[in-house]
Amino acid sequence: MIGRSEEYEKMFRLEGQLWWYRSLHERVEMALQQRFGKRRDITILDAGCGTGGLLNFLRQRGYTGLRGLDGSTDAVAFCHERGFPVTFVNLNNLADFEPDTKYDVIVCNDVFCYFTDTDLLPLLSALSHRLKPDGLLVSNNNAFNLFMGEHDLAVGIIRRFVLADFEQIVPGRGLHVRSATYWSLALSPLILLIRQWQRLQLKLGWLKAEDAQSDVYLPPSWLNETLYQIVRVEQKLLRRTPFGSSLFMVIDSQGIL
Ligand SMILES: C[S@@+](CC[C@H](N)C(=O)[O-])C[C@H]1O[C@@H](n2cnc3c(N)ncnc32)[C@H](O)[C@@H]1O
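Basis of the calculations
Residues numbered from 1 in each chain as written. Predicted model: local features only at pLDDT ≥ 70, side-chain atom pairs only at ≥ 80, totals over all residues. Heavy atoms only, no water. Axes fitted to C-alpha atoms, helices over the stretch in contact; angles between N-to-C directions. Helix = DSSP H or I, 4+ residues; strand = E, 2+ residues; numbered from the N terminus. Parallel < 35°, antiparallel > 145°, perpendicular 65-115°, else oblique. Left-handed = near helix turned anticlockwise from the far one by under 90°. Contact = heavy atoms within 4.5 Å. Nonpolar A, V, L, I, M, F, W, Y, C, P; charged D, E, K, R; others polar. Buried < 20%, exposed > 50% of the residue type's maximum accessible area, 1.4 Å probe, protein only. Lys, Arg positive; Asp, Glu negative; His and termini not counted. Salt bridge = Lys/Arg side-chain N within 4 Å of Asp/Glu carboxyl O. Pairing = 2+ DSSP bridges. Near = heavy atom within 4 Å. Polar contact = N/O pair within 3.5 Å; in protein donor to acceptor, adjacent residues only side chain to side chain. Areas by Shrake-Rupley, 256 points an atom, 1.4 Å probe, with all protein chains shown as cover. Right-handed = clockwise from strand over helix to strand, strands pointing away.

Enquirer: Before we move on, could you go through the packing of helix α2 (residues 19-36) against helix α3 (residues 53-60) and cite the residues and values that matter?
Expert: The geometry of α2 relative to α3 is characterised by a closest axis approach of 10 Å and an angle of 55° between their N-to-C directions. With respect to each other, α2 and α3 are oriented oblique. Two packed elements cross with a definite hand, and for α2 against α3 that hand is right-handed. For the pair formed by α2 and α3, the contact residues are His25, Glu26, Val28, Glu29 and Leu32 on the first element and Gly53, Leu54, Phe57 and Leu58 on the second. Residues of the contact of α2 with α3, tallied by class, amount to five nonpolar, two polar and two charged.

Take a look at the structure:
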């Protein structure tokens, strides 16, 4: 994804409106409230913050201790335009960035999909090391290989996850998966159908990998609002669902690193 300026420009323009980002940001806020209640002075690091959509959402909700890191100059520039203290950092070198600073919360949404196991394990250790003893790591990730499609190609995603992947690796990094859910169950048949159709088109050569487009575009407002409301209702009614194209996790620091 890094280097694809047009993807960052789209993200910057649309993340405040698009149903998927709105649903994800509200999910993050719910996780923060469950742990920290009404406190708005907690320190939050968005690691791989992209163009700052989540930081912007949290600032609007009154959170004050916001920081961000990203390994894309495009992303960092957009965050600066929004007035956020965001630093250009390759997360492979997180250990070198302000090594003594620890956070109440680190959010790392849709970033692990760019890391092989060789890099992911040290990254999880470095994130764990930056959490205060009762801190939280909140992380959304692309789930299930079945959902691989045009979007993955367009933004250079190299892998998708299932919960067992994290349950195996996080305990050794001083972390514990406290809660996790796949989402959105209700939309998954539709998303699956679209992604499988895209894969067929790619296989048959009807769609070229170099022409692949990401899912970051705004559908008609009635559809955008309908998709948002479906996810919202699902989120309110069902705390955990067993299937979906994303995996949302709230991970506790065990404070042992
Ligand atoms: C799919 S975007 C997600 C952005 C943001 N977290 C969000 O939820 O909108 C992935 C982000 O991870 C960043 N990223 C990928 N590899 C990185 C690395 N090695 N170091 C720092 N940032 C990285 C990209 O620049 C991009 O902004």
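Structure's up, so let's keep going.
Enquirer: Describe the side chain of Glu234, naming the residues involved and giving the relevant values.
Expert: Locating Glu234 in the fold gives a position in helix α9 (residues 221-237). Here Glu234 sits buried without a salt bridge, and the closest side chain of opposite charge, Arg27, lies 5.0 Å off (N-O distance).

Enquirer: How would you summarise the sheet that holds strand β7 (residues 246-253) if you had to cite specific residues and measurements?
Expert: What holds strands together in a sheet is hydrogen bonding between their backbones, with the strands either parallel or antiparallel. Taken in spatial order, the seven strands of this open sheet run β3-β2-β1-β4-β5-β7-β6, and their pairing is mixed. Both outer strands of the open sheet, β3 (86-88) and β6 (175-183), are each paired with one neighbouring strand and no more. Taking each pair of neighbouring strands and ignoring which way they run, the sheet shows an average axis angle of 15°. As defined by bridge partners, strand β5 (residues 131-142) adjoins β7 across seven bridges and the pair is classed as antiparallel.

Enquirer: Residue-level account of the site of the ligand, with values.
Expert: Neighbouring residues of the ligand: 19 residues in total, closest Tyr8, Gly48, Asp70, Leu91 and Asn109. Within the backbone of Gly48, one N or O atom sits 2.6 Å away from a nitrogen atom of the ligand. A distance of 3.0 Å separates a nitrogen atom of the ligand from a polar atom in the backbone of Gly71. Its free accessible area being 600 Å², the ligand has 91% of it covered by the protein chains. Across the shell around the ligand, the residue classes tally to eleven nonpolar, six polar and two charged.

Enquirer: Summarise the pairing of strand β2 (residues 65-70); cite the residues concerned and give the values.
Expert: The buried count for β2 comes to five of six residues, which makes it a mostly enclosed element. Direction of pairing for strand β1 (residues 43-47) relative to β2: parallel, over a ladder of five bridges. Note on β2: the bridge partner recorded for Ala47 is Leu69. Between β1 and its parallel partner β2, the chain crosses via α3, and the hand of that crossover is right-handed. Note that β2 and β3 share three bridges and pair parallel. The residue bridging Gly68 from the neighbouring strand is Val86, located in β3.

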